[in-house]
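# Survey of secondary and tertiary structure
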Amino acid sequence: MSSGSEEGIPSDRHASVGGGSASNTRDAGQCPRREVAEQISLLDESYTAAPEADRTVSTKLAELVARARKETRLTNVVQYVDEELLRLAFQSLRKQAAPGVDGLSYEEYAAGLDENLWDLYRRLKSGRYRAPVIRRVYIPKANGKRRALGLTTIEDRVVQKAVAWVLSAVFDQDFLDCSHGFRPNRSPHTALHRLREGMMQHWARYVVEVDVVNYFGAVSWAWLRKFVRHRVNDGGLIRLLNKWLKAGVMENGVVSLTTEGVPQGGPVSPVLSNIYLHYALDLWFERRFKKTCRGYAELTRFADDFVATFRHRADAVRFRQEMEERLAAFGLQIAPEKTALLRFDGTLLFGEGRPAIKPATFTFLGFTHYLRKSRSGPVNIERKPSVKARERFIRKVGTWLKANKHLNVWEQQEHLAKALNGYIQYFGLRLCCTSLYGVRQRVRQLWRKALMRRSQRAHRHCDWTSLNTKAWFQLPTPRVTHAWV
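One structure accompanies this document, and this report is about it. (Residues numbered from 1 in each chain as written. Predicted model: local features only at pLDDT ≥ 70, side-chain atom pairs only at ≥ 80, totals over all residues. Heavy atoms only, no water.)

It is worth spelling out unusual backbone geometry at this point. Residue F182 is not a glycine yet carries a positive backbone phi of 55°. Summarising the element assignment, F182 is placed in the loop between α7 (154-171) and α8 (188-202). Looking at F182, the relative accessible area reads 7%, which means it is buried. (Helix = DSSP H or I, 4+ residues; strand = E, 2+ residues; numbered from the N terminus. Buried < 20%, exposed > 50% of the residue type's maximum accessible area, 1.4 Å probe, protein only.)

Below, the structure written as structure tokens:
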């Protein structure tokens, strides 16, 4: 059956605005609930769960926040990691998380929770706590390579989560507006909003997109300790940090020790990565480099993923060179093949006929950014889910369908609807619905093929006309979920 017999794709012009769109950027900065989908995994599997604190935790750490705003350097912050905070940290963990080297699951640890947390708190308070070895696993990447992730124990995740909240309460008072990763009231969408608004308002014509090679594995321990001590001079917390850094990694039963890098996969890793790049990159750009630029210059960063935009080419060329030197001073290297200076100039679209030089495109946080001239004349910055992001999602759906083609059709529908809702929740920006309808249709095609493989009878009853009338074959309709971005 041809695609014309399948489902029509409405225009973005008529897409409904829904999904609980926020009325302002502050409200919208809150990430969607993880029950819908792991939105960060749609961008890159390397991102771990953000250490965002709920209201209960924020209230408990309000005193620490007040201290951080008044005092230049704090001491004795590890006292906030008490039994109550550890309990809140445990409750915030994912129940389906894979166990560490001890093999202990979430449910098994919860069976004796009171006793376990009390014993854990006593060991932390007395300094007897020992960080466990990290179990290394690999997940596939889009380019065929594998990315290493570290899985620690449930108990260690509790401690890391609590410490991540404490560090966030302190350092979030210092982080700059250009930093959006794993912070309260911030999200990938606030980064995308700030990037587009700044470029539209100041007509930025040049973009430098940067890729840092093995960022989490290249972080210098010496520099990281200096950065943490610059704000938190707490011996107990530094000793705990050292235990995590020196814990070692187990792979195929063999434990190896490292001399650099932070354990990617633990709850404390995103906070440490923000601290490192805050001093290594953000402060340098905002307080030194930006002041020497002739015109508009802006940095937008989410974790280790960042782009810089400029009005003048000379500033962009200079940033490309000096940024590489600056990161190298802190042990970080960029990938030359993935780092580029792009001419993102809307003036190229003016004139008769097709432009001799087309404006470049760039990808940031899963979205391909490109320029389009409207019929009325103005040039707009538009975005759509990148090919890489779409193909990654389709592959995941196809893999799941192959492994679960025996399930009841209603169970399949529940899983696919949940996955597609999560995808739409993240990628549902203005003018993205056409791409989302395409992704939805490809999911339906994969599902139909899986149904046809069940039996010869199923093959005969899986024509599009019949399937479209089935209640269990219906999937979520793409919609604009973030109209403000």
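Attention shifts here to the sheet that holds strand β10 (residues 367-373). Pairing in this open sheet of three strands is antiparallel, and the strands run β9-β10-β11 from one edge to the other. Edge strands, defined here as strands with exactly one partner in the open sheet, are β9 (362-364) and β11 (379-385). Mean inter-strand twist for the sheet, computed between neighbouring axes without regard to direction, equals 40°. Pairing geometry for β10 and β11, over seven bridges, is antiparallel. Counterpart to R372 in the pairing with β11 is N380. (Pairing = 2+ DSSP bridges. Axes fitted to C-alpha atoms, helices over the stretch in contact; angles between N-to-C directions.)

Let us now look at helix α3 (residues 62-70). Helical periodicity: at 3.6 residues per turn, an α-helix aligns residues three or four positions apart in one direction. Within α3 the residues assigned to the buried category are L64, V65, R67 and A68. Take α3 and look down its axis: the buried residues cluster within an arc of 160°, on one side only. When the buried face of α3 is taken as reference, the exposed residues oriented beyond 90 degrees from it are E63, R69 and K70. On its buried face, α3 is in contact with α7 and α10 (221-231). (Arc of directions from axis to C-beta. Contact = heavy atoms within 4.5 Å.)

Take the packing of α7 against helix α11 (residues 235-245) next. Where α7 meets α11, the axes come as close as 12 Å, and the angle between the chain directions of the two elements is 135°. By the angle class used here, α7 and α11 are oblique. Regarding α7 and α11, the two cross each other, and that crossing is left-handed. For the pair α7 and α11, the contacting residues are D156, V159, Q160, V163 and L167 in the first and L237, L240 and W244 in the second. (Parallel < 35°, antiparallel > 145°, perpendicular 65-115°, else oblique. Left-handed = near helix turned anticlockwise from the far one by under 90°.)

This part takes up the environment of N468. With respect to the helices and strands, N468 occurs in the segment after α18 (464-467). Reaching out from N468, the side chain makes a polar contact with the side chain of R444 at a distance of 2.3 Å. (Polar contact = N/O pair within 3.5 Å; in protein donor to acceptor, adjacent residues only side chain to side chain.)

With 14 residues, helix α6 (residues 113-126) extends 20 Å from end C-alpha to end C-alpha; this agrees with the ideal 20 Å at 1.5 Å per step. Those residues of α6 lying buried are L113, L117, L120, Y121, R123 and L124. Viewed along the axis of α6, the buried residues span an arc of 165°, placing them on a single side of the element. For α6, the exposed residues set more than 90 degrees away from the buried face come down to D114, E115 and K125. Among the structural elements, α4 (83-92), α5 (106-111), α7 and α11 are those in contact with the buried residues of α6. Downstream of α6 by a residue or two, G127 has a phi angle that is positive, lying close to 85°. (Expected span 1.5 Å × (residues − 1).)

With that settled, the discussion passes to the pattern of salt bridges. Taken as a whole, this structure holds 23 salt bridges when the rule is applied. For the salt bridge of D174 with R231, the shortest nitrogen-to-oxygen distance reads 2.4 Å. Placement of D174 in the loop between α7 and α8 and of R231 in helix α10 is noted, with a sequence separation of 57 residues between them. You can call D174 partly exposed: its relative accessible area is 22%. What makes R231 buried here is its relative accessible area of 6%. Close ionic contact of R194 with E298 constitutes a salt bridge, the shortest N to O distance being 2.9 Å. Of this pair, R194 sits in helix α8 while E298 sits in strand β6 (residues 297-302), and the two are 104 residues apart along the sequence. Taking relative accessible area as the criterion, E298 reaches 12% and is therefore assigned buried. Shared partners join several salt bridges into a network, and the residues in it are D119, R122, R123 and E155. (Salt bridge = Lys/Arg side-chain N within 4 Å of Asp/Glu carboxyl O.)

Applying the stated rule across the entire model yields 29 aromatic pairs. Each ring, one from F227 and one from Y279, has its centre 4.9 Å from the other, and the planes form 15°; the classification is stacked. Here the residue F227 occupies a position in helix α10, and Y279 occupies one in helix α12 (residues 269-289), the gap between them amounting to 52 residues. An identical accessibility class is assigned to F227 and Y279; each is buried. For the cation-ring pair, K226 lies above W223, with the distance from its terminal atom to the ring centre recorded as 4.7 Å. (Phe/Tyr/Trp six-rings, centres within 6.5 Å; stacked < 30°, edge-to-face > 60°. Lys NZ or Arg CZ within 6 Å of the ring centre and 35° of its normal.)

For the rest of this paragraph, the subject is the sheet that holds strand β7 (residues 305-310). On the basis of which strands lie adjacent, the open sheet formed by four strands has the order β6-β7-β3-β8 and antiparallel pairing. A strand with exactly one partner marks an edge of an open sheet, and here the two such strands are β6 and β8 (340-343). Pairwise comparison of adjacent strand axes, ignoring direction, gives a mean angle of 20° for this sheet. Here five bridges tie strand β3 (residues 206-210) to β7, and the two strands are oriented antiparallel to one another. Bridge pairing in β7 places E209 opposite V307. Contacts from α8 reach β3, β6 and β7 within the one sheet, and its direction differs from that of β6 by about 165°. Across the sheet, α12 lies against β6 and β7, angled at about 170° from β6, the strand it touches most.

Purely geometric numbers; function is a separate question.
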